[in-house]
Amino acid sequence: MNYYEIFGITAPIVSVIAFVPYFKSILQNKTKPSSASWWTWTILTFVIVVSSWASGASWQVLLLPAWLCISQLAVSILSIKFGDNKWDSRNKICVGGAILGILFWALTGNPLLALGFSILSDLFASIPNFRHVFLNPEQENKIAWTIGWLSAVFEILAIKNWVFASSGWAIYFILNMTLILYFLYRKKRKSVI
């Protein structure tokens, strides 16, 4: 086993660890997950896994997003009762972007189109979560998000071939997680008024 494979196995293990305090925090009503973002991410991550695999991504870079499909579905289900359930047209557009990518894939035979559309749609779907974390960082679990960011680091280290099929999602994911951490750990400005 080479170190790419070790990091590829480590990434989802670290993510499992990250989700334990996150699930606990949700069930204790301390964390209010954005339902719109989590349901959209579940769909998009599934498309990302399938299109990356079809594009030739190696197994070690597919383990983390495959695990995230399962964990995101669990958070999505919990968000119905414990989360912020504001859905708007933005989320419908994101799911539509994933569907458009799948259609382009079917028409052209190029799974990279579905991967690209899904990554862009995922970014768009993250906007409600960015907004929620920015405005209400106290409603999120810093430990869980920090450990989740660490799984993104391991995912980057698992990349052997720096081609879009293997690295596109991983690069996007670490940037997304880094922005979340910035919002969680930044000092809030005190109101002057």
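Look a little higher up for the structure.
Residues numbered from 1 in each chain as written. Predicted model: local features only at pLDDT ≥ 70, side-chain atom pairs only at ≥ 80, totals over all residues. Heavy atoms only, no water.

Moving on, we get to the overall build of the protein. The secondary structure content of the protein amounts to seven helices and zero strands. Expected size for 193 residues packed as a compact globule is a radius of gyration near 16 Å; at 17 Å, the protein falls within 12% of this value. Along the first, second and third principal axes, the C-alpha atoms of the protein reach 55 × 40 × 30 Å. When each of the 193 residues of the protein is scored for burial, the buried share is 50%. Counting only contacts in the protein whose residues sit at least 6 apart along the sequence, the fraction spanning at least 24 positions is 82%. As displayed, the protein offers around 9,800 Å² of accessible surface, 72% of which is attributable to carbon and sulfur atoms. When the 15 basic and 7 acidic side-chain charges of the protein are each reduced to a single mean position, those positions are 11 Å apart. (Helix = DSSP H or I, 4+ residues; strand = E, 2+ residues; numbered from the N terminus. Rg over C-alpha atoms; globule rule 2.2 N^0.38 Å. Buried < 20%, exposed > 50% of the residue type's maximum accessible area, 1.4 Å probe, protein only. Contact = heavy atoms within 4.5 Å. Areas by Shrake-Rupley, 256 points an atom, 1.4 Å probe, with all protein chains shown as cover. Lys, Arg positive; Asp, Glu negative; His and termini not counted. Charge placed at Lys NZ, Arg CZ, Asp CG, Glu CD.)

Looking now at the environment of Tyr172. Along the chain, the position of Tyr172 falls in helix α7 (residues 164-185). A sequence separation of 53 residues divides Tyr172 from Ile119, and the C-alpha atoms of the two residues are 7.3 Å apart. Beyond its immediate sequence surroundings of up to four residues, Tyr172 is in contact with Ile119, Asp122, Leu123 and Ser126.

Before going further, it helps to spend a moment on the nonpolar core. In this structure, Tyr22, Trp145 and Trp169 are the most contacted members of the largest nonpolar core, which totals 44 residues. In terms of residues, this core owes the most to one element, α7, which gives 10 residues. Apart from residues lying up to four places away in sequence, Trp169 is in contact with Ile48, Leu64, Pro65, Leu68, Ile119 and Glu155. (Core = buried A, V, L, I, M, F, W, Y, C linked by side-chain atoms within 4.5 Å.)

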